[in-house]
Amino acid sequence: MSRFSPGLIIAGALLAGALSSLPAQRAAAQGKPDASAQASSMRINWEVKNRFRLFREERDFQLHTESLRGRSILASEDALEIQSDGRGWARNMVNRLCIDLQGHLADPCIRDTVKENYLTPIDHPVVVRLTGEVPVGATCAWSFDDGDGPQKSTFDCAEPVNLRVRYGRDTVAAVEVSSGSEPTQQVSTTIRVRDILIAGLGDSVASGEGNPDRAVALSDEGFCFRYYLGSATAQYYRPSRGGYKGGRACEAPDSLSNWQRYGALWFNAACHRSLYSYQTRAALALAVEYPHIAVTYLPLACTGATIADGLLGGQRARECPPGKSNTSCQSGINGQLVELRAAVTAAKRRQPDRNLDLVLLSIGANDVYFSGLVADVLVETTTERALFRRSGVVASVEDARSALARDLPQGFAKLREALRPLVGDLSHVIYTSYANPALAGGGAPCPGGRAGFDIHPSFNADPQRLAEVSAFVQNEFLPQLKGLALCQGGILCRDPRADGMTFVEAHQTAFNDHGFCARAESDPEFDRQCFSPKGQSFDPDVVSSASQPLLCGRGASEYRAYLPRARWIRDANDSYFAAMTYPQGLPASMQPSDIHDATWGVLSAVYGGAVHPSAEGHAAMADAVLPAEAYVLRLDAAEGDVQGEPLSPLSPARQ
């Protein structure tokens, strides 16, 4: 049973109360209404404008407001993917955020032409409307009073009123409605905005890995990579980056900085943070769903993070910020809790009663060497397997099982102690579990093979190892994570009732039919024609593939990263075609010698998000998180149907 299911009971009670009042309302509506009845039919409705405060411009919030109307987050994502012709809705929004591409908060942030402090807003923009049976042509004399004296203005009642209300104060909104010889009616309500501070923490699944805000543009021509320890002729071609005019042949080296100018764009390259992340989508959907709140969202999750190196301590960057010419990222990234602690401290310095309301969290996969398990499944050729084992890239199920039993419980205990001073009640930490990425439906694992992984000649998903990893994830890893989050299943917590997090897993069943091997006739035409189910998508001839690497005869530029697909997990082909990442945060010993290096040939196929949820997968996860957010924050209990209460008609002497 979900821990947030009582929220549904609360919502049902509110709905029942609303429905029980309908007969009385209908009775009052019969016949010609008197002035009092007419006043009772009018209400003051208000909502916060552009209330997802990461967005600088109202138009970006409105796009999601319209798309989410009457839809789930997943259905909204599918609609936006089709609307953008698969190019993705975030490709332009990424440059219109209150966080820059280096991850720095804009202070102040100019939102819709107004300077606002991001972490500690002093006011919020709201729009106020008079609704109900408003007389045609009536005039509204508005008054808004937050304790410093009323602000008054008069408009046609059909016009909405835009104003900014003080944060932390009640603003009494009152309106006198005048219409011809009819008595003046008055309606009032209280406006109080609740600004919710949400932090997103965790690893690559939390950050949105696999889904760059602006996917890499692909060229129809080929780009050369070398094989490991091969001769001068041991090379192969895959699609190049669109716009790149440098050396594409292995014998024509070029600078990394020139190549990087044509890469994918993330709103934070060092951590591969994406607006498609389930955490961002869940925070955004919360703002859309509840018009009386504002959401201040602080995305801190970072791909590659573990509890020790990423949450509690620093870690290496995935890529250098755009425009840097250095070939490696010399400086690391601060621990996410270090950053969060600094942000909360700064906020409390300005507003002592400012609190962190909610933490969204996914962590643990890297702690049990999940990327090493993937490498063990995928890498087939002897040379690559030997090199990766020597460098510690490959991990076995036994390695993961040992870390799961020994290291992860200790890490969770330390994480709880670090989170408690920041969030107080640990039920306000919503831990969202992973989905098994390798299921083909009915609980069966994907069959393996090269399909979806022939982007690199050494890849071939071994069926036996794949089945072992899938079983480990399903039967050991996911149940252990649930016990760790909830202090159940033999997990020792200092105070089990106080230390339990809110746990979300409702999305896992849906993923059972959408693993990386899922295929459907409704998949994009390019995928069906060009990604071979036999793993024979690319021309092996080193001469002809230099100009046309795909055997289907179509250009790679036709690929669309953001179109609905049966698979909600990115395979290696998707990873290359969407992001083609050249990781710069590698240790010096693993830094490639040039852009055609064999190491980058392998890593460019997986470091952009292979075996990670697609935008659709993240949307499905966000659908599972949204009701948990609402319940933990008690939003359904707080939001009532009545937006404004009518007062008695004004006497003629006061008109």
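Below, the structure is looked at part by part. (Residues numbered from 1 in each chain as written. Predicted model: local features only at pLDDT ≥ 70, side-chain atom pairs only at ≥ 80, totals over all residues. Heavy atoms only, no water.)

### Remarks on the overall build of the protein chain
Turning to step 1, where the next piece is worked out: The secondary structure content of the protein chain amounts to 21 helices and 19 strands.
Turning to step 2, where the next piece is worked out: Here the protein chain, with 655 residues, has 55% of them falling under the buried criterion.
Turning to step 3, where the next piece is worked out: Here the contacts in the protein chain between residues at least 6 apart in sequence split such that 77% fall between residues at least 24 apart.
Turning to step 4, where the next piece is worked out: Total accessible area on the protein chain stands at roughly 26700 Å², and carbon and sulfur atoms take up 52% of it. (Helix = DSSP H or I, 4+ residues; strand = E, 2+ residues; numbered from the N terminus. Buried < 20%, exposed > 50% of the residue type's maximum accessible area, 1.4 Å probe, protein only. Contact = heavy atoms within 4.5 Å. Areas by Shrake-Rupley, 256 points an atom, 1.4 Å probe, with all protein chains shown as cover.)

### Some words on unusual backbone geometry
Turning to step 1, where the next piece is worked out: Note that the residue after Asp107, namely Pro108, is joined by a cis bond; omega there is 5°.
Turning to step 2, where the next piece is worked out: Along the chain, Pro108 turns up in the loop between helix H6 (90-93) and strand S2 (109-111).
Turning to step 3, where the next piece is worked out: A positive phi angle is found at His272, which is not glycine, with a value near 50°.
Turning to step 4, where the next piece is worked out: Position of His272 among the secondary structure elements: in the loop between helix H8 (256-260) and helix H9 (278-289).
Turning to step 5, where the next piece is worked out: Using a relative accessible area of 0% as the deciding quantity, one classes His272 as buried.
Turning to step 6, where the next piece is worked out: You will see that Val611, though not glycine, has its phi angle at about 60°, which is positive.
Turning to step 7, where the next piece is worked out: Summarising the element assignment, Val611 is placed in the loop between helix H19 (598-606) and helix H20 (615-632).

### Let's talk about the state of the cysteines
Turning to step 1, where the next piece is worked out: Applying the stated rule across the entire model yields seven disulfides.
Turning to step 2, where the next piece is worked out: Shown here is the disulfide that connects Cys98 with Cys109, its sulfur atoms set 2.0 Å apart. Between Cys98 and Cys109, the S-S torsion sits near -80°, and that sign places the bridge as left-handed. Here the residue Cys98 occupies a position in the loop between H6 and S2, and Cys109 occupies one in strand S2, the gap between them amounting to eleven residues. This pair shows no difference in class: Cys98 is buried, exactly as Cys109 is. (Disulfide = S-S within 2.5 Å.)

### Structural notes on the packing of aromatic side chains
Any two aromatic rings considered together are summarised by their centre-to-centre distance and by the angle between their planes.
Turning to step 1, where the next piece is worked out: Per the stated rule, a full pass over the model turns up 29 aromatic pairs.
Turning to step 2, where the next piece is worked out: Centroid distance Phe538 to Phe577: 6.3 Å. Interplanar angle 50°. Geometry classified as tilted. One end of the pair, Phe538, is in the loop between helix H17 (525-530) and helix H18 (572-578); the other, Phe577, is in helix H18, and 39 residues separate them in sequence.
Turning to step 3, where the next piece is worked out: Among the residues examined, Phe577 registers a relative accessible area of 1% and is labelled buried.
Turning to step 4, where the next piece is worked out: Between the NZ or CZ atom of Arg241 and the centre of the ring of Tyr582, over which it lies, the distance is 5.5 Å.
Turning to step 5, where the next piece is worked out: Positioned above the aromatic ring of Tyr631 is the side chain of Arg634, whose terminal nitrogen or guanidinium carbon lies 4.5 Å from the ring centre. (Phe/Tyr/Trp six-rings, centres within 6.5 Å; stacked < 30°, edge-to-face > 60°. Lys NZ or Arg CZ within 6 Å of the ring centre and 35° of its normal.)

### Observations concerning the side chain of Asn211
Turning to step 1, where the next piece is worked out: Within the element layout of this structure, Asn211 appears in the loop between helix H7 (204-207) and strand S11 (218-226).
Turning to step 2, where the next piece is worked out: Side chain to side chain, Asn211 and Arg570 meet in a polar contact 3.0 Å long. (Polar contact = N/O pair within 3.5 Å; in protein donor to acceptor, adjacent residues only side chain to side chain.)

### A closer look at the nonpolar core
Turning to step 1, where the next piece is worked out: One finds Phe52, Leu340, Leu361, Tyr431, Phe477 and Phe577 to be the most contacted residues of the largest nonpolar core, which totals 159 residues.
Turning to step 2, where the next piece is worked out: Discounting residues that sit within four places of it in the chain, Phe52 has contacts with Phe61, Arg111, Thr280, Ala283, Leu284, Ala287, Val295 and Tyr297.
Turning to step 3, where the next piece is worked out: Listed in part, the 22 residues of the second largest apolar core include Met42, Val126, Val175 and Val177. (Core = buried A, V, L, I, M, F, W, Y, C linked by side-chain atoms within 4.5 Å.)

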